[in-house]
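Understanding the architecture of this molecule
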Amino acid sequence: MKRVVRNTIVYAACVLVLLLFLAPILWVLVISFKLRRDIFTWPPSVIDFTPTLSNYANVLSGSGKFATFIGNSLIVAVISTSIALAIGTLGAFGLSGRRRPKSVAWSYWMLSFRMMPPVALVIPYYLLFQQTGLLGHLGAIALTHSVFSVAIVLWMNKSFFDEIPPEIEEAAVLDGASQWQVFRLVVLPIAKGALAASAIFAFITSWNEFLFAVILAKSNTYTIPVAISTFVGEVYVSWGELAAATILAIIPALLVAFLGQRYLLIGLAPGSVK
């Protein structure tokens, strides 16, 4: 009986915390299905209104560009995540403890890029891309996003590489494998969980980034966060369209996290040694 009571309290607390975090998202979801007159009804209603899809229709077909903005965000997020994974995993492998015993200072130096306030780099990036002719290109935005993602990808994967039993790599070396083959054929398959976690983090970081996107982008290369901000005017806010655009922007990030869980389990469940 004590176990039942304890489990009930634990699950009730988990549900309460979940509702606390999901309440803002659920409220935005409700607003996205309301007409403007229903949004400003007092007291506000959650279920006592006539649902409508007009907000979603206005977002997707009003200017005809929102789908393009979603594509821009996908391109930028995929490119920046790929760059961060390529550089971060190689750096993590090179800085892992067995290959570089005194790599703590290097690791913290790389992590300092993540601690740097992004606003400090806006003007240098703007001038750099303006002089190189890349200002307003999706590639420029992706490069800036990857700089901040590389540090956390390196840090996460280095911690995982440090935990891989040295006997695995030593056995590969005894079989004639080079360091590149050890990394590509031995370490990477073992590190699926760490790679998936760092890829999800890098993707969501790029997907949600606003500052560099709004400064470096042009009207045709806006990403999702910048496109959402356009629904907020100086004297008028399109609350229904704003809520609908926010829900549409959340869906891809949720799908990436949901699909990534499978690879997290594949990488972590079997263990390093069989």
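Residues numbered from 1 in each chain as written. Predicted model: local features only at pLDDT ≥ 70, side-chain atom pairs only at ≥ 80, totals over all residues. Heavy atoms only, no water.

Scanning the chain for helices and strands turns up 13 helices and 0 strands. Taken from N to C terminus, the helices and strands of the chain fall in the order α-α-α-α-α-α-α-α-α-α-α-α-α. When burial is assessed residue by residue, the chain has 37% of its 274 residues classed as buried. For the chain, restricting intrachain contacts to residue pairs at least 6 apart in sequence, the fraction spanning at least 24 positions comes to 74%. Carbon and sulfur atoms make up 71% of the accessible area of the chain, which totals about 16100 Å². (Helix = DSSP H or I, 4+ residues; strand = E, 2+ residues; numbered from the N terminus. Buried < 20%, exposed > 50% of the residue type's maximum accessible area, 1.4 Å probe, protein only. Contact = heavy atoms within 4.5 Å. Areas by Shrake-Rupley, 256 points an atom, 1.4 Å probe, with all protein chains shown as cover.)

Take the packing of aromatic side chains next. Per the stated rule, a full pass over the model turns up 9 aromatic pairs. Ring geometry for F33 versus Y56: centroids 5.3 Å apart, planes at 45 degrees, classification tilted. Residue F33 is located in the loop between α1 (2–32) and α2 (36–39), and its partner Y56 is located in helix α3 (residues 54–61); the two are separated by 23 residues in the primary sequence. Exposure remark for Y56: the relative accessible area of 12% places this residue in the buried category. Their ring planes at 45 degrees and their centres at 5.9 Å tell us that F69 and Y222 sit as a pair that is tilted. A residue pair is termed long-range when its members are at least 10 positions apart, and F69 in helix α4 (residues 66–95) and Y222 in the loop between α11 (211–216) and α12 (224–229) qualify at 153 residues. (Phe/Tyr/Trp six-rings, centres within 6.5 Å; stacked < 30°, edge-to-face > 60°.)

With that settled, consider a nonpolar patch on the surface. A cluster of nonpolar side chains, namely I123, Y126, L127, F210, V214 and I215, defines an oily patch on the protein surface of about 490 Å² accessible area. Listed by contribution, the elements that provide at least two residues to the nonpolar patch are α6 (119–132) and α11. Of the residues forming the nonpolar patch, the biggest block, 3 residues, is contributed by α6. Along the chain, the position of V214 falls in helix α11. (Patch = residues over 30% accessible without salt bridge, like charges linked within 9 Å, V, L, I, M, F, W, Y side chains within 5 Å. Salt bridge = Lys/Arg side-chain N within 4 Å of Asp/Glu carboxyl O.)

Along the chain, N55 falls in helix α3. On the accessibility criterion, N55 (5% relative accessible area) is buried. A polar contact is formed between the side chain of N55 and the backbone oxygen of S32, at a distance of 2.9 Å. Residues contacting N55, with those up to four places away along its chain left out, are I31, S32, F33, K34, G240, E241 and A244. (Polar contact = N/O pair within 3.5 Å; in protein donor to acceptor, adjacent residues only side chain to side chain.)

Here we take up the nonpolar core. In this structure, V59, F66, W207, I224, I228, F231 and A245 are the most contacted members of the largest nonpolar core, which totals 19 residues. If one sorts the elements of this core by residue count, helix α13 (residues 239–268) sits on top with 7 residues. What V59 contacts, discounting residues up to four positions off in sequence, is F66, F231, E241, A244, A245 and L248. Counting residues in hydrophobic clusters, the runner-up holds 16 residues, among them L121, A140, L216 and V226. (Core = buried A, V, L, I, M, F, W, Y, C linked by side-chain atoms within 4.5 Å.)

The next point concerns empty space enclosed by the protein. Under the criterion given, the structure shown has 1 cavity of 30 Å³ or more. Around the largest cavity, the lining residues are S73, V76, A77, H145, S206, W207, E209, T223 and P225. Those elements that place two or more of their residues in the lining of the largest cavity are α4 and α10 (192–208). Broken down by element, the residue count for the lining of the largest cavity peaks at 3 residues, all from α4. Residue composition of the lining of the largest cavity, grouped by class: 4 nonpolar, 4 polar and 1 charged. (1 Å grid on protein atoms, 1.4 Å probe; cavity = no way out; pocket = protein on both sides within 12 Å on 5 of 7 lines; lining within 4 Å. Points joined across faces, edges and corners; volume = space filled by probe spheres on them. Nonpolar A, V, L, I, M, F, W, Y, C, P; charged D, E, K, R; others polar.)

Right, let's talk about the confidence of the model for the chain for a bit. Scored by pLDDT, the chain has a mean of 80; 88% of the residues are at 70 or more. Predicted confidence is poor over residues 267–274, with pLDDT under 50, and the contacts of this stretch with residues over four places away or in other chains come to 11 contacts. (pLDDT = per-residue confidence, 0-100.)

Before going further, it helps to examine α6. Structural remark: α-helix, 3.6 residues per turn; residues separated by three or four positions point the same way. Over its 14 residues, α6 runs 21 Å from end to end, which matches the ideal 20 Å to within 8%, given 1.5 Å per residue. Turning to α6, its buried residues number three or more, namely L121, V122, Y125 and F129. Buried-residue contacts for α6 involve α7 (138–163) and α11. G133 occupies a position one or two residues after α6 and carries a positive phi of about 80 degrees. (Expected span 1.5 Å × (residues − 1).)

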